[in-house]
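Structural overview
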Amino acid sequence: MKGFRGKLHLPIIMVCSIALISLLFTERISIILSSNPFFKHKSCSRRAASVTRKNDRNATEGKIDDSIVDDRFVFDPEECNVENGKWVFNRSIKPFYSDRSCPYLDRQVSCVKNGRPDSDYRHWEWQPEDCTLPRFNPELMLQKLRNKRLMFVGDSLQRGQWQSLVCMVESIIPQDKQSMRRGRALSVFRAKEYNATIEFYWDPFLVESNSDLHIVGNPKERILKVDSVAKHAEHWTGVDILVFNSFVWWMSGYTIKSYWGSFPNGEEGYEELEAVVAYRIALKTWANWVDTNVNPNKTRVFFTTMSPTHMRSADWNNPEGMKCFNETKPYMKKGFWSTGADKRIMRVVVQVIKKMKVPVSVLNITQMSDYRVDAHTKVYTETGGKLLTDEQKADVLHNSDCIHWCLPGVPDTWNQIFLANL
């Protein structure tokens, strides 16, 4: 039987062409609407289903007050974009610990103990737009960690997240069933009944540097070996859950002294690289180690995005402010992005991680933390191992710490998101 050989009529051709153009246009619009400047998420199908069910119910039960309808779906890390949301004040939300009840907090972040007079910063709750974020459950966290090692790797901000998590779970563990061993590089909290450890490894650049153990105070004298993590990675091997972070130490200057390979003059062979360029090389070195050495069937890998700093009050429309010192509430402008959160670094993280073979779960805490101009340690902290004197506290412009966070505080929310992703 011969196939049909007739000519296609012009109306048929026009209909097919219009259909094809419509399809392409719809697909283009879909891509535009679903795009995200950093991390992308699947469409919120559960939310759509929830809205449909509520609309059906409204049609049969009458009009419902919009103020009491919450169409957010239950948290799903594949669907919920936690960076989009708002801080809601809720005095009924009590922290799981205080800087007086938890024995493991550094004095650097113990703001109440150091004299901070206000307390509202401890009662703000992050509410994502699309989903409901589960309340942190210390028992659930410990169950997740049973017979496992969890290690945070990074700088002092990552150490703050580690201390936050330890304090959030230690109160439900009998004193004789817990222990803490602090070291210069590696610190280990042990929950004996769960055969679990929550560890912190000091590694501010992820790659090796001359400021790893004995901190070089002058950023201009720091030298990085951007192609090597071997010395640090010895401590990462065999860990069940790894949480990495590296940002603020990279932002101490426009350029960073970096070297790689073998130079006959050792560290004298460095080159001055733009900070973002050096960061990209270093992060690729880290990614190569993860892809080569991590078995994703045995180890989960997380990366916490940068913790923003708030050194310039003009960023949040307070040109007369003294950095973050006199801020007592979050800055509420939607989409606020301060100069203390470098979008170039965010793009490097996205570009490197999306090319990795081993899955890396990203804890995107940057946008939500950027609103919290009120929650830093300010002058209620220590420097050089000593609390600020009254004279130093009076000089708020020069001595306010607008990098680190009071504990309890913002890092508790990071751990709430971390547990939800576990």
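Starting afresh in each chain, residues are numbered from 1 along the sequence in its written order. Local features are withheld for residues below a pLDDT of 70 in this predicted model, meaning they are given only at 70 or higher, and side-chain atom pairs are given and counted only at 80 or more; totals for whole chains, interfaces and linings count all residues. To get the side-chain values, take all heavy atoms of the structure and skip hydrogens and water.

Let's talk about the overall build of the protein chain
Helix and strand counts for the protein chain stand at 11 helices and 19 strands. For the protein chain, the residues scored as buried account for 49% of the 422 residues in total. Here a residue-residue contact requires only that any non-hydrogen atoms of the pair lie within 4.5 Å. Restricting to contacts in the protein chain with at least 6 residues of sequence separation, those with at least 24 account for 76%. Secondary structure elements follow DSSP: runs of H or I of four or more residues count as helices, runs of E of two or more count as strands, with numbering from the N terminus. Burial here depends on accessible area, computed with a 1.4 Å probe over protein chains only, as a share of the maximum for the residue type. Under 20% is buried, over 50% is exposed, and the range in between is partly exposed.

What to know about the sheet that holds strand β5 (residues 149-154)
In spatial order, the strands read β6-β7-β8-β5-β11-β14-β15; together these seven strands make up an open sheet with mixed pairing. Two strands bound the open sheet, and with one partner strand each, they are β6 (178-181) and β15 (360-363). The sheet shows a mean angle of 15° between the axes of neighbouring strands, taken without regard to direction. DSSP-based pairing: two strands are paired if at least 2 bridges between them are found. As judged from the four bridges shared by β5 and strand β11 (residues 241-244), these two strands associate in the parallel manner. Interaxial angles span 0 to 180 degrees and are taken between N-to-C directions of axes, which are lines fitted to C-alpha atoms, for helices over the stretch in contact.

Remarks on the nonpolar core
By nonpolar core we mean a set of buried residues, namely Ala, Val, Leu, Ile, Met, Phe, Trp, Tyr and Cys, connected to one another through side-chain atoms within 4.5 Å. If you look at the biggest cluster of nonpolar residues, it comprises 102 residues, and the most contacted ones within it are Ile198, Trp236, Trp286, Phe303 and Phe418. A total of 10 residues in this core trace back to one element, the largest contributor, which is helix α6 (residues 275-293). Leaving out residues up to four positions away in the same chain, isoleucine 198 has contacts with Leu145, Leu150, Phe152, Trp162, Leu165, Val166, Val169, Ser187, Val188 and Phe189. Grouped together as the second largest cluster of nonpolar side chains are seven residues, Cys111, Tyr121, Tyr380 and Cys406 included.

A word on the packing of aromatic side chains
For Phe, Tyr and Trp, rings pair up if their centres lie within 6.5 Å, where Trp contributes its six-membered ring, and each pair is then called stacked (planes under 30 degrees apart), edge-to-face (over 60) or tilted (otherwise). Taken as a whole and judged by the stated rule, the model has 18 aromatic pairs. Taking the centre distance of 5.2 Å and the plane angle of 65° together, the rings of phenylalanine 89 and tryptophan 124 count as edge-to-face. Of this pair, phenylalanine 89 sits in strand β2 (residues 85-89) while tryptophan 124 sits in strand β3 (residues 124-128), and the two are 35 residues apart along the sequence. On the basis of an interplanar angle of 85° and a centroid distance of 6.4 Å, the ring pair of tryptophan 405 and tryptophan 414 is categorised as edge-to-face. The class for tryptophan 414 is buried, based on a relative accessible area of 2%. Three or more aromatic residues joined by ring pairs make a cluster, and in this case those are Trp202, Phe205, Trp249, Trp250 and Tyr279. A ring has a charge above it when a Lys NZ or an Arg CZ is no more than 6 Å from the ring centre and no more than 35 degrees off the ring normal. The cationic tip of arginine 222 hangs over the ring face of tryptophan 249; the distance from NZ or CZ to the ring centre is 4.3 Å. Just above the ring of tryptophan 337 sits the side chain of lysine 343; from NZ or CZ to the centre is 5.3 Å.

Things to note about the pairing of β15
Of the strand pairs in this sheet, strand β14 (residues 300-304) and β15 are connected by four bridges, and their pairing is parallel. Directly across from threonine 304, in β15, lies its bridge partner leucine 363.

Side note on the sheet that holds strand β9 (residues 208-209)
The sheet built from four strands is open, its strands ordered β9-β10-β12-β13 with mixed pairing. Of all strands in the sheet, those with a lone pairing partner are β9 and β13 (271-274), marking the two edges. The sheet contact formed by strand β10 (residues 223-225) and strand β12 (residues 255-259) spans three bridges and is parallel. In the strand pairing of β12, leucine 224 is matched with serine 258.

Focus: helix α4 (residues 156-170)
An ideal rise of 1.5 Å per residue puts 21 Å on 15 residues; α4 measures up with 20 Å between its terminal C-alpha atoms. Counting buried residues along α4, 15 of its 15 residues qualify, which places the element largely inside the surrounding structure. Contacts described as polar in this section are N or O atom pairs within 3.5 Å, which, within protein, must combine one atom able to donate a hydrogen with one able to accept it, while residues neighboring in sequence count only if both atoms come from side chains. Of the residues that open α4, the one with a side-chain oxygen 3.0 Å from the backbone nitrogen of leucine 157 is aspartate 155. Multiplying 1.5 Å by the helix residue count minus one yields the expected span of that helix.

Here's the deal with a positive patch on the surface
A cluster of basic residues, Lys177, Arg181, Arg190 and Lys192, forms a positive patch on the protein surface. Locating arginine 181 in the fold gives a position in strand β6. Every patch collects residues that have over 30% relative accessible area and no salt bridge, joining them within 9 Å if they carry like charges and within 5 Å if they are nonpolar side chains (Val, Leu, Ile, Met, Phe, Trp, Tyr). Areas reported here follow the Shrake-Rupley algorithm with a probe of radius 1.4 Å; residue values treat only the protein chains shown as occluding. The rule for a salt bridge is simple: a side-chain nitrogen of Lys or Arg has to be within 4 Å of a carboxyl oxygen of Asp or Glu. Under the counting rule used here, the positive set is Lys and Arg, the negative set is Asp and Glu, and His together with the chain ends is not counted. One atom stands in for each charge, and that atom is NZ of Lys, CZ of Arg, CG of Asp or CD of Glu.

Remarks on the packing of α4 against helix α11 (residues 410-421)
A pair of packed helices is captured by two measures, namely the crossing angle of their axes and the spacing between those axes. One way to put it is that α4 packs onto α11 with a least axis distance of 9 Å and a crossing angle of 75°. On the basis of the axis angle, α4 is roughly perpendicular to α11. Residues Leu157, Gly160, Gln161, Ser164, Leu165 and Met168 of α4 form the contact with α11, whose own contacting residues are Pro411, Asp412, Trp414, Asn415 and Phe418. For this classification, Asp, Glu, Lys and Arg are treated as charged, while Ala, Val, Leu, Ile, Met, Phe, Trp, Tyr, Cys and Pro are nonpolar and the rest, including Gly, are polar. A breakdown of the residues in the contact of α4 with α11 according to their chemical character gives six nonpolar, four polar and one charged. For classification purposes, angles smaller than 35 degrees are called roughly parallel, those larger than 145 roughly antiparallel, those between 65 and 115 roughly perpendicular, and all remaining angles oblique.

Concerning unusual backbone geometry
Each neighbour pair has its own omega, and for leucine 407 with proline 408 the value is 0°, a cis peptide bond. Within the secondary structure layout, proline 408 lies in the loop between β19 (401-405) and α11. Although it is not a glycine, asparagine 195 adopts a positive phi angle of roughly 50°. Position of asparagine 195 among the secondary structure elements: in the loop between β7 (186-191) and β8 (196-202). Even without being glycine, lysine 323 reaches a positive phi, approximately 55°. Here lysine 323 lies in the loop between β14 and α7 (343-353). You can call lysine 323 buried: its relative accessible area is 12%.

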